Amino acid sequence: MMMLKKKVNEHQKRKETPVFSGVLKYFPDAILEVARVSKIGNDQHNPGEPLHWAKEKSTDEPDALVRHLIDHAKGEVYDTDGQRHLAKAAWRALAFLQRELEHEK
């Protein structure tokens with residue numbers, strides 16, 4: 001009985017989480033830019049490997065996030081590799097949040 005109730009709650013929670021209409025439809029261009037930065041970062045840090053997050057290679061999300069925000073605040077739209085500082089900051093913010101959520105599980 002408890003397992004069935006848990007499944008119903010998870011299903012309801014998923015239905016009440018508007019990933020498409022509450023995120024993707026709001027920020028389609030920004031999401032594409034973050035995905036682009038993710039691919040370029042993977043190619044840089046994991047050459048020849050399939051797209052994946054090598055979590056052990058970089059664990060300084062808060063510091064990297066703030067560095068990109070500072071560079072942007074100084075008027076630097078693009079990083080030295082030609083990618084937007086704000087897209088990199090968004091990726092780092094998502095990574096930081098993901099780690100926190102995983103830690104809580």
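The structure reproduced in this document is the subject of the present report. (Residues numbered from 1 in each chain as written. Predicted model: local features only at pLDDT ≥ 70, side-chain atom pairs only at ≥ 80, totals over all residues. Heavy atoms only, no water.)

Considering the packing of helix H4 (residues 61–73) against helix H5 (residues 85–104)
Note the threshold: In this analysis an axis means a line fitted to C-alpha atoms, helices contributing only their contacting stretch, and an angle means the value between N-to-C directions, from 0 to 180 degrees. Secondary structure follows DSSP: runs of H or I at least 4 residues long count as helices, runs of E at least 2 residues long count as strands, and numbering of each begins at the N terminus. Each angle gets one of four labels, with under 35 degrees taken as roughly parallel, over 145 as roughly antiparallel, 65 to 115 as roughly perpendicular, and the rest as oblique. Definitions for this section: a left-handed crossing has its near helix turned counterclockwise from the far helix by less than a right angle. A right-handed crossing has that turn clockwise. Residues are treated as being in contact if the distance between any of their heavy atoms lies within 4.5 Å.
Where H4 contacts H5, the axes come no closer than 8 Å and their chain directions differ by 160°. When the axis of H4 is compared with that of H5, the two are roughly antiparallel. Here the hand of the crossing between H4 and H5 comes out left-handed. Contacts between H4 and H5 involve Glu61, Pro62, Ala64, Leu65, His68, Leu69, Asp71 and His72 from the former and His85, Leu86, Lys88, Ala89, Arg92, Ala93, Ala95, Phe96 and Arg99 from the latter.

Considerations on the pattern of salt bridges
In plain terms, the rule: Counted as salt bridges are all cases of a side-chain nitrogen of Lys or Arg within 4 Å of a carboxyl oxygen of Asp or Glu. Only protein chains enter the accessibility calculation, which uses a 1.4 Å probe; a residue whose area is less than 20% of its type maximum is buried, one above 50% is exposed, and one in between is partly exposed.
Across all of its chains, the model carries 10 salt bridges by this definition. Note that Glu61 and Arg99 form a salt bridge whose closest N and O atoms lie 2.9 Å from each other. Of this pair, Glu61 sits in helix H4 while Arg99 sits in helix H5, and the two are 38 residues apart along the sequence. Judged by its relative accessible area of 1%, Glu61 falls in the buried class. A salt bridge links Asp71 to Lys74, with the nearest nitrogen and oxygen atoms 3.8 Å apart. Overall, the relative accessible area of 56% leaves Lys74 in the exposed class. It is possible to trace a salt-bridge network through shared partners that takes in Glu33, Arg36 and Arg84.

What to know about the packing of helix H3 (residues 28–45) against H5
Definition in use: Asp, Glu, Lys and Arg are counted as charged, while Ala, Val, Leu, Ile, Met, Phe, Trp, Tyr, Cys and Pro are counted as nonpolar; the rest, among them Gly, fall into the polar class.
Packing of H3 against H5 brings their axes to within 9 Å, and their N-to-C directions diverge by 85°. Classed by the angle they form, the pair H3 and H5 counts as roughly perpendicular. Between H3 and H5, the residues in contact are Glu33, Val34, Val37 and Ser38 and Ala87, Lys88, Ala90, Trp91 and Leu94, respectively. Its residues assigned to classes, the contact of H3 with H5 comprises six nonpolar, one polar and two charged.

On their own, these measurements won't tell you what the molecule is for.
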